[in-house]
Amino acid sequence: MTLALCMIVKNEEAVLARCLQSVEGVFDEIVIVDTGSTDATKKIAARFTRNVYDFAWQDDFAAARNFSFSKARADYIMWLDADDVLKKGDRAALLRLKRSMDGSVDAYSLRYDCAFDEQGNTTLWFYRERIVRRACGFLWQGAVHETLQIFGKTQRRGIAVTHLRGARKEAGRNLRIYLRMLLAGKTPRGREAFYFARELADNGLLCTAADAYAYFLRGEGWAEDKIAACLALAEISRARGEHERQRAALLQSFCYGEPRPAACCALGQYFLEQGQPQTAVFWFKLALNEGGHGQQNGFVCPDQSGFLPCIWLCVCYDRLGERARAAYWNERAGRYKPHDKSYLANKRYFEAQNGAAP
């Protein structure tokens, strides 16, 4: 089986070579579609492949990606963005996967590691459809935050694509695409409604974003997006001082699946801010218990089921006057992140107070 890489790019001279160097020797074919670069992006692409094409930008990411897929001829197609890379171990794992491909699997989902702490530990990851069998003719849908519509036999693999943010993208671009859709009479629904709300929030339009999240929650959508929308709505409500709406949104997330560590941590913080540290303890401990189930669906934040509830339990017990317990939970937090500034500051605090873990 042969494997192609398909990419769409625009003004990515700062990161494109890094991406392509990280996958060197993996692909039998590389297709790069440029949507209007004014820098050296196309020259850099030409160093790695002869298959560089121009595509007139149409305010539609799915259209550009479908064009890139149409140019591939390999048995399987993988997609990447210019600010993605494969780390050495993941590159080797992808080569092993490629050697094992026999055409019986229609689509593979791989991990997408997209946020990191100061030590480089992954703090947010999720699975995305990443490799597809070309003969299936899968198409991208969605003008913004596009997704591949896959079916048939699928597999998940723990191979990680690492997202390293490059230069800041064109400010407000995605929101303008959504606004043009609205002006054309197209109302975002389902997944599009969720991402429209997120774009509003990212652009500082919190009041409108809150209404958009509420609109999405009243309609159809993937359960994981519903949970994420509840958490986002709760954070907006917190910022606006709407504490009852904040609590209601967090509790609503439980309607779509088992309590997520992120929701439990947020409820812990809510009760701590409301001056109820004992109630907060319950929720932070639940976050630790839920993390033990090995959440694999949706947006996974490892810190929410490990380091963060431990550090917050330290704060809770300190406010309750139980300094020994507080020191114990700080040491638990330190097992996750021994170099974290909060853990080290707390450690110095307890040493100065002669606190000791039991």
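For the structure itself, look to the data block above.
Below: a short report on this structure.

Moving on, we get to the overall build of the chain. A tally of regular secondary structure across the chain gives 14 helices and ten strands. Along the first, second and third principal axes, the C-alpha set of the chain runs to 65 × 45 × 40 Å. Within the span of the chain, comprising 358 residues, buried residues form 48% of the whole. Nonlocal contacts in the chain, meaning residues at least 24 apart in sequence, comprise 65% of its contacts between residues at least 6 apart. As displayed, the chain has an accessible area near 17,200 Å², and 49% of this comes from carbon and sulfur atoms. For the chain, the centre of its 50 positive side-chain charges and the centre of its 42 negative side-chain charges are spaced 2 Å apart.

Read from one edge to the other, the open sheet built from eight strands follows the order β3-β2-β1-β4-β7-β6-β10-β5, with strand pairing classed as mixed. Looking at which strands have only one partner, the edges of the open sheet turn out to be β3 (52–54) and β5 (84–85). Pairing geometry for strand β4 (residues 76–79) and strand β7 (residues 122–133), over three bridges, is antiparallel. When the sheet's bridge partners are listed, Y76 is paired in β7 with R133.

We now examine the pattern of salt bridges. Applying the stated criterion across every chain yields a total of 21 salt bridges. One salt bridge connects R260 with E224, and the closest N-O pair in it is separated by 2.4 Å. Of this pair, R260 sits in the loop between α9 (243–252) and α10 (261–273) while E224 sits in helix α8 (residues 223–239), and the two are 36 residues apart along the sequence. Since its relative accessible area comes to 7%, R260 is described here as buried. Among the residues examined, E224 registers a relative accessible area of 8% and is labelled buried. For R325, the salt bridge identified is with E322, shortest N-O distance 3.5 Å. Exposure remark for R325: the relative accessible area of 45% places this residue in the partly exposed category. A relative accessible area of 28% means that E322 is categorised as partly exposed.

Attention now moves to unusual backbone geometry. With a phi angle near 55°, D59 is a residue other than glycine that sits in the positive phi range. Within the chain, H145 stands out as a residue other than glycine whose phi angle is a positive 50°. Within the secondary structure, H145 is located in the loop between β8 (140–141) and β9 (147–148).

Moving on to the packing of aromatic side chains. Throughout the structure, instances matching the rule amount to 20 aromatic pairs. Judged by centre distance (5.5 Å) and plane angle (85°), the rings of W125 and Y127 are edge-to-face. A relative accessible area of 6% means that W125 is categorised as buried. Three or more aromatic residues joined by ring pairs form one cluster here, namely F194, Y195, Y213 and F216. Over the aromatic face of W140 sits the side chain of R65, whose NZ or CZ is 5.2 Å from the ring centroid.

Scoring rules and cut-offs
Residues numbered from 1 in each chain as written. Predicted model: local features only at pLDDT ≥ 70, side-chain atom pairs only at ≥ 80, totals over all residues. Heavy atoms only, no water. Helix = DSSP H or I, 4+ residues; strand = E, 2+ residues; numbered from the N terminus. Buried < 20%, exposed > 50% of the residue type's maximum accessible area, 1.4 Å probe, protein only. Contact = heavy atoms within 4.5 Å. Areas by Shrake-Rupley, 256 points an atom, 1.4 Å probe, with all protein chains shown as cover. Lys, Arg positive; Asp, Glu negative; His and termini not counted. Charge placed at Lys NZ, Arg CZ, Asp CG, Glu CD. Pairing = 2+ DSSP bridges. Salt bridge = Lys/Arg side-chain N within 4 Å of Asp/Glu carboxyl O. Phe/Tyr/Trp six-rings, centres within 6.5 Å; stacked < 30°, edge-to-face > 60°. Lys NZ or Arg CZ within 6 Å of the ring centre and 35° of its normal.

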